[in-house]
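# Commentary on secondary and tertiary structure
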Amino acid sequence: MTADLNEKSNGGRESSATAKSGTPSLEKPVFDPTAASAIEVDHIVKKYGDFTAVDDVSFNVKEGEIFGLLGPNGAGKSTLIRMMTTLIPITSGRARITGHDVSREPDAARRLIGVIPQALTSDLDLTVDENLNIYAKLYDVEIARGLVHHPRIFFLDEPTTGLDPVSRVAVWEMLGNIKSKRQLTILITTHYMDEADRLCDRIAIVDHGKLVALDTPMALKASVPGSNVIEAQFEKPPADWEQRLHTLDDVTSVQHEGAGMYRVLTGNGSHTTTELVEMAVQTGVAVKSLSVQNTTLDDVFVHYTGRQLRDELVKAYGFVMPQRPGLQP
Ligand SMILES: Nc1ncnc2c1ncn2[C@@H]1O[C@H](COP(=O)(O)OP(=O)(O)OP(=O)(O)O)[C@@H](O)[C@H]1O
Ligand SMILES: [Mg+2]
């Protein structure tokens with residue numbers, strides 16, 4: 001699996017990060033529940049006037065863990081990151097970075113963290129150190145020396161949004177590299193489920209400011225009723241087709257995706273497929289295409305939020321200069 005990922009990710013060429021380090025390192029890290037906590041978020045709340053952007057969220061990120069934060073637009077991911085990285089005040093609850101309360105000891109917390117903006121990670125001609133040095137130039141240099149020399153925990157807010165697929169894979173490869181070299185903890189937000197599935201040890205799904213699910217990708221997929229997904233497209237299906245698909249054996253959910261395409265979750269892919277084809281033949285509805293897959297993180301996301309992440313995005317993100325860590329609003 002690792003070899004396969006490297007092969008795909010290199011796309012026939014080595015990225016600089018890999019080439020300069022000599023060893024491609026995309027091994028999926030092992031989540032160690034007994035490891036010390038790098039980030040502790042405890043009943044954290046962020047209110048903007050009457051609006052609650054983050055609503056009583058708690059989680060711990062272990063040292064050395066790659067932790068994914070997933071959620072639709074406006075879910076509160078960036079707000080969470082801004083609170084954890086001392087950039088905005090916390091309304092209530094608290095966040096700690098290796099034991100340092102970000103509200104009470106912001107400087108101590110800042111010395112341990114790095115925030116890599118999208119535009120920097122996407123520059124694949126730079127090595128990890130070069131990226132960090134540029135980051136140092138962007139930020140206040142004093143603080144930056146601390147960030148550059150001893151960053152322990154990295155926060156990345158959608159580092160791959162807007163990148164082409166090859167660059168995206170290379171960014172994740174670089175993250176794997178950073179992690180294996182420096183024993184860092186990484187908290188990342190992304191809209192790409194496949195990336196999150198491959199690299200993250202654990203994933204938290206946030207929706208409307210609340211934490212709705214948190215577990216390893218495998219456990220999250222296992223938590224969704226149904227083990228297979230049938231994607232089928234039909235020629236002019238009748239209006240009640242969604243309901244009729246629901247009546248098939250072992251079906252746990254049906255989603256109409258438009259243009260005659262349906263996504264059917266089932267506990268028994270082969271049996272439901274047979275029934276589905278039989279029903280289509282009997283009803284005189286032509287099947288244009290059909291595929292059966294294992295449950296993906298997309299299905300997990302739909303299950304917990306009622307929406308599809310890929311439909312929520314993808315708007316263009318301009319590069320926004322991060323706030324200087326010294327400037328606490
Ligand atoms: N300074 C602010 N004042 C008022 N509301 C805000 C402010 N910053 C964010 N919000 C609101 O808080 C909610 C969460 O925003 P946030 O940027 O954290 O979402 P997100 O999950 O990062 O979304 P995206 O995927 O689009 O980046 C949104 O409804 C947003 O409009
Ligand atoms: Mg955001």
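Everything numeric here is computed off the predicted structure, so don't read it as measured data.

### What to know about the overall build of the protein
Within the protein one finds 14 helices and 14 strands. The 329 residues of the protein split such that 37% are buried. If you take every contact in the protein between residues at least 6 apart in sequence, the share linking residues at least 24 apart comes to 71%.

### Examining the site of ligand 1
Taken together, Tyr-48, Phe-51, Ala-53, Gly-71, Asn-73, Gly-74, Ala-75, Gly-76, Lys-77, Ser-78 and Thr-79 are the residues near ligand 1. Of all the secondary-structure elements, those providing two or more residues to the shell around ligand 1 are β2 (51-62) and α3 (77-84). Sort the elements by how many residues they give to the shell around ligand 1 and α3 lands first, with three residues. Of the residues in the shell around ligand 1, the class split is four nonpolar, six polar and one charged.

### Observations concerning the nonpolar core
Formed by 51 residues in total, the largest nonpolar core has its most connected members in Ile-39, Met-84, Phe-155, Ile-186, Leu-187 and Ala-196. Ignoring sequence-local partners within four residues, the contact set of Ile-39 consists of Asn-60, Val-61, Met-84, Ile-97, Ile-153, Thr-185 and Leu-187. Val-229, Leu-245, Val-251 and Leu-276 belong to the second largest nonpolar core, which has 12 residues in total.

### Description of the sheet that holds strand β7 (residues 153-157)
Sheet strands pair by backbone hydrogen bonding; their relative direction is either parallel or antiparallel. Within the open sheet, the six strands sit side by side as β6-β7-β8-β3-β9-β10. Their pairing is mixed. Two strands in the sheet have a free side with no partner beyond their single neighbour: β6 (113-115) and β10 (210-215). Averaged over all pairs of adjacent strands, the angle between their axes in this sheet comes to 15°, without regard to strand direction. Note: β6 against β7, three bridges, orientation parallel.

### Topic: helix α12 (residues 269-283)
Residues that lie three or four places apart on an α-helix share one face, since the helix turns once every 3.6 residues. Between its first and last C-alpha atoms α12 spans 21 Å; for 15 residues at 1.5 Å apiece the expected length is 21 Å, and the two agree. Of all the residues in α12, the buried ones are Gly-269, Thr-272, Leu-276 and Ala-280. Projected onto a plane normal to the axis of α12, the buried residues spread over an arc of 70° and lie on a single side. Facing away from the buried side of α12, by more than 90 degrees, are the exposed residues Ser-270, Glu-278, Val-281 and Gln-282. Elements that come into contact with the buried residues of α12 comprise β11 (228-234), α11 (241-246), β12 (251-258), β13 (261-266) and β14 (287-294). Where α12 terminates, the next one or two residues include Gly-284, which has phi positive at roughly 75°.

### Concerning unusual backbone geometry
A positive phi angle, near 50°, is found at His-208, a position not held by glycine. Considering the arrangement of structural elements, one finds His-208 in the loop between β9 (202-207) and β10. Assessed through the 15 C-beta atoms surrounding it within 10 Å, His-208 is described here as partly exposed.

### Some words on the confidence of the model for the protein
Mean pLDDT for the protein: 77, with 72% of residues reaching 70 or above. Residue range residues 134-141 is modelled with pLDDT below 50. Its contacts to residues more than four positions away, or to other chains, number 18 contacts.

### Let's talk about the sheet that holds β13
Read across the sheet, four strands follow the order β12-β13-β11-β14 without closing on themselves; strand pairing throughout is antiparallel. Each end of this open sheet is capped by a strand with a single partner; those strands are β12 and β14. Within the sheet, the average angular offset between the axes of one strand and its neighbour, ignoring direction, is 15°.

### Topic: the pairing of β14
A small share of β14 lies buried, amounting to zero of its eight residues. Sheet topology note: the β11/β14 ladder contains seven bridges and is antiparallel. Residue Asn-228 lies in a different strand from β14, and its bridge partner there is Asn-294.

### Looking at α3
In terms of burial, α3 is largely enclosed, as seven of its eight residues are buried. Three or more residues of α3 are buried, namely Lys-77, Thr-79, Leu-80, Ile-81, Arg-82, Met-83 and Met-84.

Parameters and conventions
Residues numbered from 1 in each chain as written. Chains lettered and ligands numbered in written order. Predicted model: local features only at pLDDT ≥ 70, side-chain atom pairs only at ≥ 80, totals over all residues. Helix = DSSP H or I, 4+ residues; strand = E, 2+ residues; numbered from the N terminus. Buried ≥ 20, exposed ≤ 12 C-beta atoms within 10 Å, placed from the backbone. Contact = placed C-beta atoms within 7 Å. Near = placed C-beta within 6 Å. Nonpolar A, V, L, I, M, F, W, Y, C, P; charged D, E, K, R; others polar. Core = buried A, V, L, I, M, F, W, Y, C linked by C-beta atoms within 7 Å. Pairing = 2+ DSSP bridges. Axes fitted to C-alpha atoms, helices over the stretch in contact; angles between N-to-C directions. Expected span 1.5 Å × (residues − 1). Arc of directions from axis to C-beta. pLDDT = per-residue confidence, 0-100.

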